[in-house]
Amino acid sequence: MNQDELKQAVAQAALDYIKPHLDQDSIIGVGTGSTANCFIDLLATIRNDFDGAVASSDATAERLKSHGIPVYDLNSAAPLEFYVDGADEANERLELIKGGGGALTREKIVAEVSKTFICIADESKKVDILGAFPLPVEVLPMARSHVGREIVKLGGDPVYREGFTTDNGNVILDIYNLDISRPIQMEEKLNNIVGIVTNGLFARRPADLLLLGTSEGVQSIPRKGV
Ligand code: 5RP
């Protein structure tokens, strides 16, 4: 199977997983990116089986609406039963790097208020140690240079994502060469830098279930202890 087919397979697996739990009142949290897009397109096939969705980005909201799926403000919808989203990297503890598409802040908020976070990814995303993928951080524009200097003190090499503005009006720094052998601790250190809105480490609130697309089929990997 090629990468697109693997994405399609994990999206279908996520739909199969949540479908028995849905009713007319269900509101589903929906992530951002090409894998999440496969999931959105499949959600459209069962759009009469649930109420609507909360979107983690403007792009996802537009795609949901294009399928006639109502999009709700999180403030009137949380807590959510399920959040389904992709990732840039996942380790065996289901800690993630996210934000390749720049939607990390809203993604982290929706993950936080969801009872079950289902991560869907093809096998290229599974790693032993997080950090080969440059870690995105969303930064208030006026703090960009300050945050960059603080990141250098942590051993990382920040690169400004040129020409990109987040849905929240901020900028993204992608951090290369950061030691993320202790993801929870690094997430907290980054949270403590003034000017960072959100960092793309999802370790304090990891995924609960990873549906991983492999050439042998979709592996279902629950977080240990869940
Ligand atoms: C967007 C994300 C995406 O989930 C991540 O970039 C994976 O995207 P894709 O499914 O296209 O590989 O975090 O901010």
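Procedures and definitions
Residues numbered from 1 in each chain as written. Predicted model: local features only at pLDDT ≥ 70, side-chain atom pairs only at ≥ 80, totals over all residues. Heavy atoms only, no water. Core = buried A, V, L, I, M, F, W, Y, C linked by side-chain atoms within 4.5 Å. Buried < 20%, exposed > 50% of the residue type's maximum accessible area, 1.4 Å probe, protein only. Helix = DSSP H or I, 4+ residues; strand = E, 2+ residues; numbered from the N terminus. Contact = heavy atoms within 4.5 Å. Salt bridge = Lys/Arg side-chain N within 4 Å of Asp/Glu carboxyl O.

Peer 1: Summarise the nonpolar core; cite the residues concerned and give the values.
Peer 2: Counting 27 residues, the largest nonpolar core has Ile-28, Val-30, Phe-39, Leu-43, Leu-64, Ile-118 and Ile-120 as its most contacted members. Counting residues per element, the ones that place at least two in this core are helix 1 (3-18), strand 1 (27-30), helix 2 (34-43), strand 2 (52-55), helix 3 (58-66), strand 3 (80-85), strand 6 (114-122) and strand 12 (209-214). Among the elements that take part in this core, helix 1 stands out by supplying six residues, more than any other. Excluding residues within four positions of it along the chain, Ile-118 makes contact with Ala-14, Tyr-17, Ile-18, Phe-82, Tyr-83, Val-84, Asp-85, Leu-209 and Leu-211. In this structure, Cys-119, Phe-202, Leu-212 and Ile-221 belong to the second largest nonpolar core, which totals 20 residues.

Peer 1: Quick rundown of the pattern of salt bridges? Include the residues and the values.
Peer 2: Following the criterion strictly, the structure yields 13 salt bridges and no others. A salt bridge links Asp-41 to Arg-63, with the nearest nitrogen and oxygen atoms 2.9 Å apart. Remark: Arg-63 occurs in helix 3 and Asp-41 occurs in helix 2; sequence separation between them is 22 residues. Its relative accessible area of 31% is what places Arg-63 among the partly exposed residues. Among the ionic pairs, Arg-204 bridges to Glu-112, the shortest N-O distance being 3.0 Å. Placement of Arg-204 in the loop between strand 11 (201-202) and strand 12 and of Glu-112 in helix 4 (residues 104-112) is noted, with a sequence separation of 92 residues between them. Judged by its relative accessible area of 41%, Glu-112 is partly exposed.

Peer 1: Please provide a residue-by-residue account of the environment of Val-139, values included.
Peer 2: Mapped onto the elements of the fold, Val-139 is located in strand 7 (residues 135-139). Given a relative accessible area of 0%, Val-139 falls into the buried group. Counting along the chain gives 34 residues from Val-139 to Thr-105, while the straight-line C-alpha distance between them is 10 Å. The residues contacting Val-139, other than those within four sequence positions of it, are Arg-144, Val-147, Asn-170, Val-171, Leu-173, Gly-195, Ile-196 and Val-197.

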